[in-house]
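# Overview (structure and organization)
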Amino acid sequence: MTLETKNKRVFLLGGPGGVGKTTLAASLGVQFAKAGYKTVVLTVDPARRLAQALGLKTFSFDLQPVPLEGQNEPKLFASMLDTQRYFDKLISRFALSDEQRDRVLNHRFYRIMVDHLGGTHEYAAMERLLEFAEGSEFEKIIVDTPPSQNAADLLSAPQRLAAFMDNSVLKWFQGQKPVFALFRHGTKAALKLLEKIFGSEFLQSLGEVLTDFDGMQAGFRKRHLQVIELLKSSSTSFLLVTYPSEARFLETREFLSTIKSQGISLSGIILNRIEAPAPKEVSAANLSQDDAARISAILGYYSAMHAQQAIWVAEFEKTMRDLPIFKIERRNTQVHDLSALADLTPFQVDLKDDTPHSSS
Ligand SMILES: Nc1ncnc2c1ncn2[C@@H]1O[C@H](COP(=O)(O)OP(=O)(O)O)[C@@H](O)[C@H]1O
Ligand SMILES: [Mg+2]
């Protein structure tokens, strides 16, 4: 199966942590830039080597041109998300007055909250995506997403934040019925920890910040609706990156039904890091019996892993057969440099029609 890429502008890669979202986002970016499109990769947590390959410096979220071989004028740009700095910008935008803005930004709990509250990183990624989508500078926008525990966190983040800042939460802080159902485990744990560190006075202060947030919720809600619209748009391709295992399969099934209820559909599933079949045996001269036994144990391990994965690949393909499913083998070498990245995208990317041959 293939993926229609020509009429798509936004490519959003979601999925659980560690499956390869960041690497694949970079890979797609390289592919589209090579196909002639002016492309931005909005990345979140690139491994150090990948950041180097993309020319990204930590804590800089300025756009960084990434020179590709044969391109005089850069087509590929990378931008790294800095949640703290991004939230500062958001607060400035949503605040109803300069005083309210300064009060929130200077509150000693504000920074801690941005770091620990469940959903802030996801929210910032979505916000930045909207910024690029509303602008006209880029023809392709690739969005890597933060390492959520669960792929669905990404979509519910703006809503959760709006809910957090809601009056109902404030009421809770004033001793009303707990509304902790609104919070996810991560948030609960973070609040507990913060309370432990700062004492019970913490809740009081948090209440003050929330009062300051009051009135900004409308802005957050509106953005949430815009994100949902963007995800529903026919020019957006929403790809789930995951791994062929039972846990990931069950999680994906649940995720599909969650987003379906929101009217959002996936464009495809990428199963990454699939083991190639291991050879049955390795013959080499002069192998000691011990070494032969060790090699045989390792081969057995890989065969078992391959067989397990094959079961779950088949299950994905059977259960989700109306979706294109792409498979990527686990590479034995690092996948950080630009040429290895170009090699990873599991589907063909359409060339831009008017690509002048001289410039590429
Ligand atoms: N197909 C693959 N083969 C080998 N290594 C891979 C592959 N895909 C990703 N990796 C490696 O796996 C690690 C995690 O990938 P990353 O893209 O950071 O995941 P995520 O963004 O989903 O947390 C990185 O070290 C990356 O180089
Ligand atoms: Mg990542």
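Our subject is the structure that appears above.
All of the points below concern the structure found in this document. (Residues numbered from 1 in each chain as written. Chains lettered and ligands numbered in written order. Predicted model: local features only at pLDDT ≥ 70, side-chain atom pairs only at ≥ 80, totals over all residues. Heavy atoms only, no water.)

### Description of the overall build of the chain
In terms of regular secondary structure, the chain is built from 14 helices and eight strands. Each of the 360 residues in the chain was classed as buried or not, and the buried ones make up 49%. Carbon and sulfur atoms form 52% of the exposed surface of the chain, whose accessible area is close to 17800 Å². (Helix = DSSP H or I, 4+ residues; strand = E, 2+ residues; numbered from the N terminus. Buried < 20%, exposed > 50% of the residue type's maximum accessible area, 1.4 Å probe, protein only. Areas by Shrake-Rupley, 256 points an atom, 1.4 Å probe, with all protein chains shown as cover.)

### With respect to the pairing of strand β6 (residues 236–242)
The element β6 is extensively covered by neighbouring structure, given that seven of its seven residues are classed as buried. Side-chain alternation along β6 places Thr236, Phe238, Leu240 and Thr242 on one buried face and Ser237, Leu239 and Val241 on a second face that is also buried. With five bridges connecting them, strand β1 (residues 10–14) and β6 associate as parallel partners. When the bridges of β6 are listed, Leu12 appears paired with Phe238. Relative to strand β7 (residues 268–274), β6 runs parallel, the two sharing four bridges. Within β7, the position partnered with Leu239 by the bridge is Gly268. The handedness of the β6 to β7 crossover, carried by helix α12 (residues 246–261), is right-handed. (Pairing = 2+ DSSP bridges. Right-handed = clockwise from strand over helix to strand, strands pointing away.)

### So, the sheet that holds strand β5 (residues 140–144)
Overall, mixed pairing links the eight strands, which are arranged β3-β4-β2-β5-β1-β6-β7-β8 in an open sheet. Sheet topology places β3 (64–66) and β8 (325–329) at the edges, where each strand pairs with a single neighbour. Going from strand to strand, the sheet's axes swing by 20° on average, the running direction of each strand aside. Of the pairings in the sheet, the one linking strand β2 (residues 39–43) to β5 comprises four bridges and is parallel in character. Of the residues in β5, the one forming a bridge with Val41 is Ile142. With respect to the sheet, helix α6 (residues 120–134) is in contact with β1, β2, β4 (76–80) and β5, its orientation differing from that of β2 by roughly 170°. Along the sheet, α12 contacts β6 and β7; its crossing angle with β6, the most-contacted strand, is approximately 155°. (Axes fitted to C-alpha atoms, helices over the stretch in contact; angles between N-to-C directions. Contact = heavy atoms within 4.5 Å.)

### So, the pairing of β4
Most of β4 is tucked away, with five of its five residues classed as buried. Neither face of β4 is open: one carries Leu76, Ala78 and Met80, the other Phe77 and Ser79, and all of them are buried. Looking at chain direction, β2 and β4 are connected through five bridges and run parallel. Within β4, the residue paired with Val41 across the bridge is Ala78. Relative to β4, β3 runs antiparallel, the two being bridged by three bridges. Counted as the bridge partner of Pro65 is Phe77 from β4.

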